[in-house]
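# Descriptive analysis of the structure
This is what each chain is made of:
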Amino acid sequence: MTQQPQDEFDTSVENAEAWMKAIQERLRINDNTKGPRSALEARLRETEKICALEPEGRLKMDLVLMKADALLRCISEEEKHEILSKLKDIKAMWEETAIYITHCHSRIEWVWLHWSEYLKAQDEFYAWIHNMKVTLEPDIELQLGLKEKQWQLSHSQVLLNDVLNQSVLLERLLEEAASLFNRIGDPSVDEDVQKKMKVEYEEIKAEAQCRVKLLEKITKEHEQYKTSVDQFQLWLNGVTERLNCCIGETTKLPADNGLKTLQVLYDTVLVGGGRKLKCLEVQSTGVIQNTSPLGAGKMKDELEELRKALEKLKLICVEEEERMHKILKSESAYQSQARQLEAEVQEFRKMLQRLEDDLESGEKPKSEEDLVALWRKYIATRAALAAEESKVERLKAQLKELFRFSQNIQPLSDGVVAAIREYQRVKGKTFKMSTGTETELRQSFQNPLREFQLWKPSAQRLLDSTANVAEPSLTHAFLLQIEACLAQSSQFKEQLMMLQLKKDLLSSIFGEERAKSLLVEVTDTAKEREILHKSLLQRRSRLQSLVTQHKDFDAGFVPLQKKLSTIRAKVDLENEPQPDLLGKETRLQRLQMIQEELAEFIVQMEELENLVQSNPTHRRKMNQLSSDYQTLKRSLEIILARTEKHVREHWTFNNKLSDLQRWITMTEQKLESYQDASGERNTASRVADLEGLLAEFPSKEIQLHLVGAHGQLVIESSSPEGAAHVHTEMNQLTESLRSLKKMTISKEEENSHLLKLMKDFEQWLHVENDKLSKILVTKPSSCEEVKAIHSKLKELQSRVPEGQRLFEDLRSLQTVVGTSEDVEDLRYQWMLYKSKLKDSSSSLTPRSLEEPDGFRKRRPGGMCPFLHRVCWAALPLQILLLFLLLLAFLLPLVEETHSCKFANNFARSFNLMLRYEGPPPT
């Protein structure tokens, strides 16, 4: 019995071993990287084909494992060890083959890619060699100037750096070539090729270095020439600056010293300048040879300009020397007149200093008498300065005579101008000090009048503001202000009396007319002060009498005001939205308690009203408190009405939401009851119920929109957390109603389809049953009639499969919709029809016509007819049992993992441990 599995297992093992040996042989032949590129590519293609055959080997291994599984089930425990040993060997051989396939292909592919990358890098290197040869082949181009030569040198240095940097890439390329040659042994990467690459690189490197050295030499010569030109230019500028300084200093230094300096400069220009210019001409010869024609022309023009500048400097030195000789002749005549003018200026400045010292010798005046004495002193000084005006004119005339000389008279002119300016300064200072003293005297006499005019409006305003004052706190403050005004009024009285006693002094300061008008103004001011002073005294006495009144009112008003503030703070705290119905109802209770507190407050406020008499301040406070109370009451009533509205809206929303949720839950339960296997309801009534449910959905959707509208009102009156919760409830309700409608429509369609199938099957069964009844009613009288009836019965029997198909469709839909008594009735009628048809077919035979009906003998009774009737009666039960048995056989196919054939899953453990589904690692 185990021979066939044993043979199949051995055959599968032999086939697998033969396949793996063939693959290993092919791999051994192709496992070589030596040779030309075409051979390596052919071996790579061969290993790719071998890799493509790996699934075939895996199939052979799976076949071996399957055969081994079948064999292990039917052999003894002693033989299993041998089979498992063979399996272990074949699995090890397969793992070795799979690894060999991967490694061989990866190795060849890696060498192929390495070679390709090397060839690509070699092509790039030779392209670089060609570009560098093309770049370095032309001769060096002559440049316009130093900047262009520096740019040319920088470009060559960049090329040289590129060449030097390329050495690293060359070394890597040579290393790769040596490594590749060791692997493939191809002449295209041997040592000769490597030496050739290195030689070509060295030639490029030497050419670039020579070019850089030559350009460095040319650039250095030009830089040295440029430095010499700049130094010569700086020397010319320095000599020119020294000459200009010498020319500018001739007015300050003696003429003989300036002449000596000019002679030294002329010698320097004549000898040193010529020698420097000659050296520049010699140095420019070599630079011009390495410069373009246009650049050489510019260098020659530059040398010519330097030569002209040197000649011009020599000419300036000669002219300046001649001018110095002329200056020496007129210098002696100038000295005598200058000394005389300097002496007179010194004497004049001493006199001015003495007058200025007299002005500043006095101390700051401490009294009005000191101020008058100082003013008279300033008037005398002004008269003395006016007498020296003629002397100033004489000094100007002497200075004007000295301008005809060519000598520099600037120091002397500065001295004369400084003396005149000092005279003007002292004169202006005296005038300013006398005028300031006079102004100060005028202000000191007019200050009491001016200060009184400033004080008078403030005193009048104080009287007006205290006319109707009744607040005790304000009364105390006004008393302090009135005391201050009274003290200031007494001070004004003393100052005005002093002015009336200084009539003569006012006349000397202001003059007669101005002094009279000032005294009239002082008299009027004294009268006005007296009137204001009396008014202030009367107002002070009245305010002092008010301070002692009205203290009982404050004792009751302050606590009542604090209580109103506390109630207002409580009302302000209730403006925040609440998250749910409980929070809103709680806030409503708190607001009602606050309303009760306000009712108590109005009683206390009415009691305080009795204490208010005719005091306007107290009446104003009570009116303000009453206004605050009315405002708070209205605000509380608004918040209370709004909170009650929010609570009603939330209750309405919750009730409507609960009603709709309750209807959805009841409908879902009703739909689930249709799946019950009791089958108490028929299909027609179930379809009617489902249609009734569908008819209710439009009204429920309208109800859903109403719930949404109420929910929106709740959201507007709730906090963000409560609004989010209401949104969630509305979304869940909408989704529940949508899914329920979809489920109801599906149930209605399924039940309607079931009802249609039932009607079709019932109609078909009714037609067939009528035909059978007509056949059974017919009493055959001949063999031909019997045969006709028999053929009709066969025709009916041939349509039984069609009826069975219709009934099976009906039963399959019944398993989805649920059982129904109509289906059970049809099943019973169907079974009864098939039983009648079978009985009619078996009872109708040709022998039934041998005896007439009237003379046909009755067969003896016994057990056979009784058993026959019992079997026919039990036929529906037998069919039901067969149907249940069929279902029992089909159950394992529903879920394959529960099948009996997988109960022993030992065969599943025969899987290779090494699996690689991707491309070879490279």
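Residues numbered from 1 in each chain as written. Predicted model: local features only at pLDDT ≥ 70, side-chain atom pairs only at ≥ 80, totals over all residues. Heavy atoms only, no water.

Turning next to the overall build of the chain. Scanning the chain from N- to C-terminus turns up 24 helices and zero strands. The buried share of the chain, reckoned over its 922 residues, is 33%. The long-range share in the chain, meaning contacts at least 24 apart out of those at least 6 apart in sequence, stands at 84%. (Helix = DSSP H or I, 4+ residues; strand = E, 2+ residues; numbered from the N terminus. Buried < 20%, exposed > 50% of the residue type's maximum accessible area, 1.4 Å probe, protein only. Contact = heavy atoms within 4.5 Å.)

In this section: the packing of helix α19 (residues 720–777) against helix α20 (residues 783–798). Look at α19 against α20: their axes get within 11 Å of each other, and the N-to-C directions meet at 165 degrees. Classified by the angle their axes make, α19 and α20 are roughly antiparallel. Handedness of the crossing formed by α19 with α20: left-handed. Where α19 abuts α20, its residues E768, K771, L772 and I775 lie against I789, K792, L793 and L796. For the contact of α19 with α20, the per-class residue count stands at five nonpolar, no polar and three charged. (Axes fitted to C-alpha atoms, helices over the stretch in contact; angles between N-to-C directions. Parallel < 35°, antiparallel > 145°, perpendicular 65-115°, else oblique. Left-handed = near helix turned anticlockwise from the far one by under 90°. Nonpolar A, V, L, I, M, F, W, Y, C, P; charged D, E, K, R; others polar.)

F9, I90, Y118, F125 and W128 are the most contacted members of the largest nonpolar core, which has 52 residues in total. Elements represented by at least two residues in this core include exactly α1 (3–30), α2 (37–52), α3 (54–73), α4 (77–136), α5 (146–184) and α6 (191–249). With 17 residues, α4 is the single largest residue contributor to this core. Of the residues that make up this core, three or more belong to each of domain 1 (10–132) and domain 2 (147–335). Contact partners of I90, with chain neighbours within four places excluded, come to V13, A16, E17, M20, M61 and V64. (Core = buried A, V, L, I, M, F, W, Y, C linked by side-chain atoms within 4.5 Å. Domains from an automatic or database assignment.)

On the surface, L877, L880, L881, F883, L884 and L887 cluster together into a nonpolar patch covering about 550 Å² of accessible area. With respect to the secondary-structure elements, F883 resides in helix α24 (residues 875–894). (Patch = residues over 30% accessible without salt bridge, like charges linked within 9 Å, V, L, I, M, F, W, Y side chains within 5 Å. Areas by Shrake-Rupley, 256 points an atom, 1.4 Å probe, with all protein chains shown as cover. Salt bridge = Lys/Arg side-chain N within 4 Å of Asp/Glu carboxyl O.)

Bringing the packing of aromatic side chains into the picture now. Two numbers describe a pair of aromatic rings. These are the distance of the centres and the angle of the planes. Summed over the entire model, instances satisfying the criterion amount to twelve aromatic pairs. The rings of F761, W764, F807, W830 and Y833 are connected pair by pair, giving a single aromatic cluster. (Phe/Tyr/Trp six-rings, centres within 6.5 Å; stacked < 30°, edge-to-face > 60°.)

Another point: the side chain of Q122. Within the secondary structure layout, Q122 lies in helix α4. Relative accessible area serves as the criterion here: at 11%, Q122 is assigned to the buried category. Contact partners of Q122, with chain neighbours within four places excluded, come to L173, V193 and M197.

A separate point is the confidence of the model for the chain. For the chain, per-residue confidence averages 77 on the pLDDT scale, and residues scoring 70 or more make up 85% of the total. Per-element averaging of pLDDT across the chain places helix α23 (residues 863–873) at the bottom with 62 and α3 at the top with 87. Every residue in residues 846–863 is under pLDDT 50, and counting partners more than four places away or in other chains gives eight contacts. Under a pLDDT of 50 for its full length, residues 894–917 has, in the predicted model, 24 contacts with residues more than four places off or in other chains. (pLDDT = per-residue confidence, 0-100.)

Following the sequence through the fold, V823 ends up in helix α22 (residues 821–843). Each C-alpha atom of the pair V823 and R811 lies 8.0 Å from the other, and the pair is twelve residues apart in sequence.

Under the counting rule described, the total for this entry stands at 21 salt bridges. A salt bridge links R28 to E25; the shortest N-O distance between them is 2.1 Å. You can see R28 and its partner E25 sitting in helix α1, three residues apart, about one turn around the helix. In this structure, R738 engages E735 in a salt bridge whose closest nitrogen and oxygen atoms are separated by 2.7 Å. One end of the pair, R738, and the other, E735, are both in helix α19, three residues apart, so they sit about a helical turn from each other. Exposure remark for R738: the relative accessible area of 46% places this residue in the partly exposed category. Judged by its relative accessible area of 45%, E735 is partly exposed. Linked by salt bridges that have partners in common, D10, E82 and K86 make up one network.

Here α1 crosses α3 at 160 degrees, and the two axes come no closer than 9 Å. If you check the angle between α1 and α3, you find them roughly antiparallel. Crossing angle aside, the handedness with which α1 passes α3 is left-handed. In this structure, α1 contributes P5, Q6, E8, F9, S12, V13, N15, A16 and W19 to the contact, and α3 contributes E54, E56, G57, K60, L63, V64, K67, A68 and L71.

For the rest of this paragraph, the subject is the side chain of T97. Residue placement: T97 occurs in helix α4. The exposure class assigned to T97 is buried, which follows from its relative accessible area of 0%. A polar side-chain atom of T97 sits 2.8 Å from the main-chain carbonyl oxygen of M93. (Polar contact = N/O pair within 3.5 Å; in protein donor to acceptor, adjacent residues only side chain to side chain.)

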